[in-house]
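If you want the building blocks of each chain, they are given just below.
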Number of protein chains: 2
Amino acid sequence: MEPKTNLTDLNVSDFAMAFEELTRLFIRMPSIEKLSFTTLSVLHTLSLRSPMRLSELIATEQVTQSAITQLVIRLERDGLVERRPDPSDGRAVLVHITPQGVSVIDSRRSERIMRIAKLIEGLSPEERGAIASALPALTRLAELGNE
Amino acid sequence: MEPKTNLTDLNVSDFAMAFEELTRLFIRMPSIEKLSFTTLSVLHTLSLRSPMRLSELIATEQVTQSAITQLVIRLERDGLVERRPDPSDGRAVLVHITPQGVSVIDSRRSERIMRIAKLIEGLSPEERGAIASALPALTRLAELGNE
DNA sequence: GACATTTATATAAGTAACTGATATAATTTT
DNA sequence: AAAATTATATCAGTTACTTATATAAATGTC
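Residues numbered from 1 in each chain as written. Chains lettered and ligands numbered in written order. Predicted model: local features only at pLDDT ≥ 70, side-chain atom pairs only at ≥ 80, totals over all residues. Heavy atoms only, no water.

### Quick word on the overall build of chain A
For clarity, the threshold we go by: Working definition: helices are DSSP H or I runs of at least four residues, strands are E runs of at least two. Numbering for both runs from the N terminus. With the radius of gyration taken over C-alpha atoms, the globule rule is written as 2.2 Å times the number of residues to the power 0.38. Partly exposed describes any residue whose relative accessible area lies between the buried limit of under 20% and the exposed limit of over 50%, with all areas from a 1.4 Å probe on protein chains only and scaled to the type maximum. Contacts are assigned to residue pairs that have any heavy atoms within 4.5 Å of one another. Note that accessible areas follow from Shrake-Rupley with a 1.4 Å probe, and for residues the cover is restricted to the protein chains shown. In this count, Lys and Arg are taken as positive residues and Asp and Glu as negative ones, while His and the chain termini are left out. Note that the charge is assigned to NZ on lysines, CZ on arginines, CG on aspartates and CD on glutamates.
Per the secondary structure count, chain A includes six helices and three strands. Here chain A has a C-alpha radius of gyration of 19 Å; the compact-globule value for 147 residues is 15 Å, and the former is much larger. Expressed as a percentage of its 147 residues, the buried residues of chain A come to 46%. In chain A, once contacts between residues fewer than 6 apart in sequence are set aside, the share between residues at least 24 apart is 54%. By element, 56% of the accessible surface of chain A is carried by carbon and sulfur atoms, the whole surface being about 7900 Å². On chain A, the mean spot of the 18 positive side-chain charges and the mean spot of the 20 negative ones are 5 Å from each other.

Have a look at this one:
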């Protein structure tokens with residue numbers, strides 16, 4: 001019998017190392033799309049909540065207001081979002097994700113899921129179980145990270 | 001007593017969703033550096049193994065050979081790597097990471113570790129334990145992903 | 001062992017996506 | 001109403017990419 005390690009405290013450095021690798025792996029995964037990282041991040045944000053103002057998008061991304069304005073114009077040109085006026089504020093622009101925009105995110109997600117499934121096949125049932133048990137905690141960690 | 005869920009099979013879609021958020025969180029984390037994603041990725045690769053040929057770096061990144069050549073020239077200009085001839089092949093260039101290059105990676109890593117530590121404080125001991133138990137499996141998953 | 005092919009990198013020219021500075025127009029504050 | 005603030009757009013300049021092509025060393029051919 002192996003010792004119960006469930007109460008072992010979490011070594012932050014080990015965690016960071018593991019996630020450094022996983023993050024790289026994750027980012028590289030869906031290699032088909034030709035969209036930049038920032039572009040995909042904006043689309044992803046909009047896939048969680050749409051519409052959003054340009055100013056709200058600026059807060060979530062790490063680029064300037066000018067960059068977001070131009071990026072959203074390109075996204076609209078490509079049919080992935082629509083820009084509409086905000087009835088409650090004549091200055092503002094509400095960015096709506098289009099069905100086509102949603103499908104970009106969805107298809108990337110399903111490609112990622114397929115590839116992850118292949119990797120997971122290489123794990124033992126115990127390893128899979130350990131990850132499954134940690135998922136709720138990992139999800140909560142991500143939530144904490146979004147303030 | 002809670003049911004033993006260690007043998008529960010891992011739901012890939014849940015896993016992908018959790019990691020989608022964690023990846024975004026992770027990427028945004030060290031916001032100080034002004035280096036592009038590809039640049040940091042090359043530096044990180046070199047922090048794991050140095051020297052490497054340009055051609056090897058091309059294989060690990062998702063940009064063209066031309067882009068890598070230019071990127072490494074910029075990294076050398078900034079003192080983060082050195083380009084030296086390969087004694088065993090007159091065509092090749094060996095890219096060595098410099099101490100300054102290593103320190104870029106290290107300081108990003110420690111900043112990330114500090115921020116993660118803060119987040120982890122918000123988890124319960126049980127949650128921390130669950131993640132700790134999953135770390136070996138997650139590390140192996142990342143290894144599987146690197147072929 | 002010259003000749004053709006392949007491999008490793010560099011260079012050139014063009015483009016896309018950013019930055020910083022400034023402009024415009026709507027809203028809010030005084 | 002005027003002044004200050006906020007939300008977005010525009011402009012000019014820069015950086016990091018792309019594709020196509022060049023160069024030079026190594027390898028394979030006969």
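After presenting the structure, the write-up continues.
### Some words on the protein's contact with DNA strand D
We count it as follows: Any residue with a heavy atom positioned within 4 Å of a molecule or strand is treated as near that molecule or strand. Under the rule applied, a polar contact is a pair of N or O atoms within 3.5 Å (in protein, one hydrogen donor and one hydrogen acceptor; residues adjacent in sequence only if both atoms are side-chain atoms). Gly is put with the polar residues, along with every residue not named as nonpolar or charged; the nonpolar set is Ala, Val, Leu, Ile, Met, Phe, Trp, Tyr, Cys and Pro, and the charged set is Asp, Glu, Lys and Arg.
Of all residues adjacent to DNA strand D, which total 22 residues, the nearest are A:Ser55, A:Arg83, A:Arg91, B:Thr64 and B:Arg74. In the environment of DNA strand D, a phosphate oxygen lies 2.6 Å from a nitrogen or oxygen atom belonging to the backbone of A:Ser55. Within the side chain of A:Ser66, an N or O atom sits 3.0 Å from a base oxygen of DNA strand D. Of all elements in the fold, only helix H3 (54-60), helix H4 (65-77) and strand E3 (89-97) of chain A together with helix H4 (65-77) and strand E3 (89-97) of chain B reach the threshold of two or more residues within the surface near DNA strand D. Within the surface near DNA strand D, the residues separate by chemical class into six nonpolar, 10 polar and six charged.

Bear in mind that shape data such as this cannot, by itself, settle questions of function.
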